[in-house]
Amino acid sequence: TAVCRMLGFSLAELQGQHIGIIATQPASAIEQHIRQVLQGNERVADVINLHKQGRPIDLAIREIAITLKDGQPAVLVMSHDISELKRAEKALRESEERLELALKGTDLALWDWDIANDELFIDEQLARMLGYRREELPGSVRLWEELNHPEETAEIERAFTAHLRGETEAFE
């Protein structure tokens with residue numbers, strides 16, 4: 001089966017075995033989950049199971065109670081390998097932390113404007129530089145309109161329009 005391939009076991013190696021041979025949770029926790037599912041409580045969770053070679057595999061699981069042909073209750077577990085997703089999430093968190101540390105070590109700040117949706121992201125550093133807390137600032141381009149000096153508005157709009165047309169590499 002797909003689970004056997006994912007975990008590196010043959011079906012014969014897993015049949016009749018306690019779930020503990022692949023689980024990283026204590027047997028008592030697993031047994032409690034099984035009891036709860038058999039009582040009709042569906043379980044959806046992210047878990048870590050072990051490959052036959054001992055390496056961890058991140059899984060998204062859904063467990064439901066079923067009744068077998070012979071009338072015996074059982075737990076059906078559907079799983080999906082999310083190891084790559086977890087690695088990508090970890091890499092993203094680490095990258096964001098490095099960027100935050102780099103920005104904090106300088107007098108630089110970060111902002112990003114989703115023009116199509118008029119959503120403006122401003123980091124804490126920029127908010128502080130402007131004398132605000134991030135939550136005090138509007139999340140749209142209206143912020144720049146409020147902060148610009150009226151005499152500079154026409155020049156700012158001209159430079160921005162030129163940038164949108166591709167006439168400049170950066171808008172500063």
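What counts and how
- Residues numbered from 1 in each chain as written.
- Predicted model: local features only at pLDDT ≥ 70, side-chain atom pairs only at ≥ 80, totals over all residues.
- Heavy atoms only, no water.
- Helix = DSSP H or I, 4+ residues; strand = E, 2+ residues; numbered from the N terminus.
- Rg over C-alpha atoms; globule rule 2.2 N^0.38 Å.
- Buried < 20%, exposed > 50% of the residue type's maximum accessible area, 1.4 Å probe, protein only.
- Areas by Shrake-Rupley, 256 points an atom, 1.4 Å probe, with all protein chains shown as cover.
- Lys, Arg positive; Asp, Glu negative; His and termini not counted.
- Charge placed at Lys NZ, Arg CZ, Asp CG, Glu CD.
- Core = buried A, V, L, I, M, F, W, Y, C linked by side-chain atoms within 4.5 Å.
- Contact = heavy atoms within 4.5 Å.
- Salt bridge = Lys/Arg side-chain N within 4 Å of Asp/Glu carboxyl O.
- Pairing = 2+ DSSP bridges.

Asker: Is there a simple way to think about the overall build of the protein chain in this case?
Answerer: Secondary structure assignment for the protein chain yields seven helices and five strands. Along the chain direction, N to C, the helices and strands of the protein chain fall in the order α-α-α-β-β-β-α-β-β-α-α-α. Computed over C-alpha atoms, the radius of gyration of the protein chain comes to 27 Å, more than 25% over the 16 Å expected from 2.2 N^0.38 for 172 residues, which places it beyond the range of a compact globule. Summarising its shape, the C-alpha atoms of the protein chain cover approximately 80 × 35 × 30 Å along the three principal directions. Counting every position in the protein chain, which comprises 172 residues, the buried fraction comes to 22%. In the structure as shown, the protein chain presents an accessible area of about 12500 Å², 53% of it carried by carbon and sulfur atoms. In the protein chain, which carries 19 positive and 32 negative side-chain charges, the distance between the mean positions of the two groups comes to 11 Å.

Asker: Sorry if this is basic, but what is going on with the nonpolar core here?
Answerer: Grouped burial of nonpolar side chains is what soluble globular proteins tend to show. Grouped together as the largest cluster of nonpolar side chains are eleven residues: C4, M6, L7, F9, L14, I22, A45, V47, I57, L59 and I61. Listing elements by their share of this core, those giving two or more residues are α1 (2–7), β1 (43–50) and β2 (56–67). Excluding anything up to four places from it in sequence, F9 contacts C4, L14, I21, I22, L50, H51 and K52. Ranked by size, the runner-up nonpolar core spans nine residues in total, among them W113, L126, L137 and V141.

Asker: Would you mind showing me how to read the side chain of D58 here?
Answerer: As for its position among the elements, D58 is in strand β2. There is no salt bridge for the buried D58, and the closest opposite charge comes from K86, which lies 5.7 Å off by N-O distance.

Asker: Help me out: how do you make sense of the pairing of strand β4 (residues 111–114) in this one?
Answerer: Two faces, one strand: in a regular strand the side chains alternate between the faces of the sheet. The pairing of β4 with strand β5 (residues 119–122) spans four bridges and is antiparallel. Bridge pairing in β5 places W113 opposite L120. Between β4 and β5, which pair antiparallel one after the other, the connecting turn spans four residues, and D118 there sits at a positive phi close to 50 degrees.

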